[in-house]
Amino acid sequence: MRIPLIAGNWKMYKTNDEAAHTVRELDKLVKGLAGVHIAVCPPFTALAGVGRLLTELDSKIWLGAQNVYPEPEGAFTGEISPIMLSAAGVYYVIIGHSERREILKETDELIAEKLRAVLENNMVPILCIGETLEEREAGRAQGKVQDQLKKDLSLIDPEQIAGMVFAYEPIWAIGTGRTATPDDAQEMNSFIRQQLASVGGAEVADQARILYGGSVKPQNIKDIMKMEDVDGALVGGASLNAEEFSSIARYKE
Ligand code: PEP
């Protein structure tokens, strides 16, 4: 039984005060909501503060980070280790977001290291994969995702896939207002599950949660969540506003 996850990626938005304000509001709006996990992934500067606030509020909201560096400590200026994240109360870690792959030039090799490091530190990676518009139009969407999975999962024990979260995020749908159709999301998520089964076996693949991400809004979440292989959503823009994000999390109502 896969518990759906609605995770908010705040990207490079919100000062500490703004983050605290949003979390207080969101916590009120989702109090008592059962059957779904909700996570927020603030920028690094707000992580520890939001972590403390969630504890103070006795909140059911999970804390996530947007990135990590795969070493425990050392001379890596500007980077944050898995140990530091875990100590700040982080449970989920987004890895391989397309903005990091495209803008920060992150390679699959580095992403594979990050995955291993996050799992070793008992946190849950949210591995983002997805194709560009050009790749989709050239009929290479599945090939791209298959290639990313093969490389990104190369350093972990296949059984660990069961506890992971994957996020199919077509790059052409991120922050563009253009959403993949529920059928597009189902087709790719089911393909991803098949790929996971070929690496770790059917039972492992059946336990992994596979999200959809790309311009998810209160208006389209219901239809997306009806799909058999969609186990939740990774939400960017619409997660910045507590009311909007809470109505996404309340998609069953
Ligand atoms: C994202 O950043 O992962 C994302 C899906 O963004 P948006 O919801 O704004 O498209």
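The residue count restarts for each chain, going from 1 along the sequence in the order it is written. Whole-chain, interface and lining totals are the exception, using all residues; otherwise, since this is a predicted model, local features are given only for residues with pLDDT of at least 70 and side-chain atom pairs are given and counted only at 80 or more. Note that water and hydrogens are dropped before the side-chain values are worked out from all heavy atoms of the structure.

Trainee: I keep staring at the overall build of the protein chain and nothing clicks. Help me out?
Mentor: Of regular secondary structure, the protein chain possesses 11 helices and 8 strands. For the protein chain, the C-alpha radius of gyration of 17 Å lies close to 18 Å, the compact-globule estimate for 253 residues. Counting only C-alpha atoms and orienting by the principal axes, one finds that the protein chain spans roughly 45 × 45 × 35 Å. Burial classification: accessible surface area is computed with a 1.4 Å probe over protein chains only, and a residue below 20% of its type maximum counts as buried, one above 50% as exposed, and the rest as partly exposed. With 253 residues in all, the protein chain has 52% of them scored as buried. The contact criterion used throughout is that any non-hydrogen atoms of two residues lie within 4.5 Å. For the protein chain, the share of sequence-separated contacts (at least 6 apart) that also reach a separation of at least 24 residues comes to 72%. Here the protein chain displays about 11,800 Å² of accessible surface, and carbon together with sulfur accounts for 51% of that area. Strands here mean DSSP runs of E at least two residues long; helices mean DSSP runs of H or I at least four residues long; both are numbered from the N terminus. C-alpha atoms define the radius of gyration, and 2.2 Å times the number of residues to the power 0.38 defines the globule rule. The accessible surface values rely on the Shrake-Rupley method and a 1.4 Å probe; as for residues, cover is taken only from the protein chains in view.

Trainee: Would you mind showing me how to read the layout of surface pockets here?
Mentor: A probe as big as a water molecule, rolled over the atoms, marks out the empty space that is left. Only protein atoms enter the calculation, which uses a 1 Å grid: trapped sets of points that fit a 1.4 Å probe without letting it out are cavities, open sets showing protein on both sides within 12 Å along at least five of seven lines are pockets, and any residue with an atom within 4 Å of a point is a lining residue. Grid points are joined across faces, edges and corners, and a volume is the space filled by probe spheres set on the points. Here the largest pocket is characterised by a volume of approximately 410 Å³. Lining the largest pocket are 14 residues; nearest its centre among them are K11, M12, Q66, N67 and R100. Where the lining of the largest pocket is concerned, the elements lending two or more residues are α2 (44–56) and α4 (98–102). Of the residues belonging to the lining of the largest pocket, the class tally is 6 nonpolar, 5 polar and 3 charged. Quantified by volume, the second largest pocket comes out at close to 230 Å³. Along the wall of the second largest pocket there are 20 residues; nearest its centre are K11, I174, G175, G236 and G237. We call Asp, Glu, Lys and Arg charged. Ala, Val, Leu, Ile, Met, Phe, Trp, Tyr, Cys and Pro are nonpolar, and the rest, Gly among them, are polar.

Trainee: Which parts of the structure should I look at to understand the site of the ligand?
Mentor: The nearness test applies per residue and asks whether one of its heavy atoms lies within 4 Å of the molecule or strand. Close contacts around the ligand come from 14 residues, with K11, E169, G175, S215 and G236 the closest. Residues adjacent in sequence count toward polar contacts only when both atoms are side-chain atoms; beyond that, a polar contact is any pair of N or O atoms within 3.5 Å, and within protein one must be able to donate a hydrogen and the other to accept it. Take H97: an N or O atom from its side chain is 2.9 Å from an oxygen atom of the ligand. Computed on the free molecule, the ligand has an accessible area of 290 Å², of which 97% lies beneath the protein chains in the complex. The rule for placing a molecule in a cavity or pocket is simple: more than half of its atoms must lie within 2 Å of the grid points. Its atoms largely coinciding with the cavity grid, the ligand occupies the second largest pocket. A per-class count over the shell around the ligand returns 4 nonpolar, 8 polar and 2 charged.

Trainee: What am I meant to see in the pairing of strand β7 (residues 209–213) here?
Mentor: The side chains of a regular strand alternate, first on one face of the sheet and then on the other. For β7, the buried fraction is high: 5 of the 5 residues fall into the buried class. The side-chain alternation of β7 yields two buried faces, one formed by R209, L211 and G213 and the other by I210 and Y212. Both β7 and strand β8 (residues 232–235) contribute to a ladder of 2 bridges, which runs parallel. Bridging from a neighbouring strand, Y212 pairs with A233 of β8. Note on pairing: DSSP must find at least two bridges between two strands before they are called paired.

Trainee: When you look at the environment of L110 in this model, what are you seeing that I'm missing?
Mentor: Take L110: it is sitting in helix α5 (residues 108–120). Distance from L110 to G96, taken between C-alpha atoms, is 9.0 Å for residues 14 residues apart in sequence.

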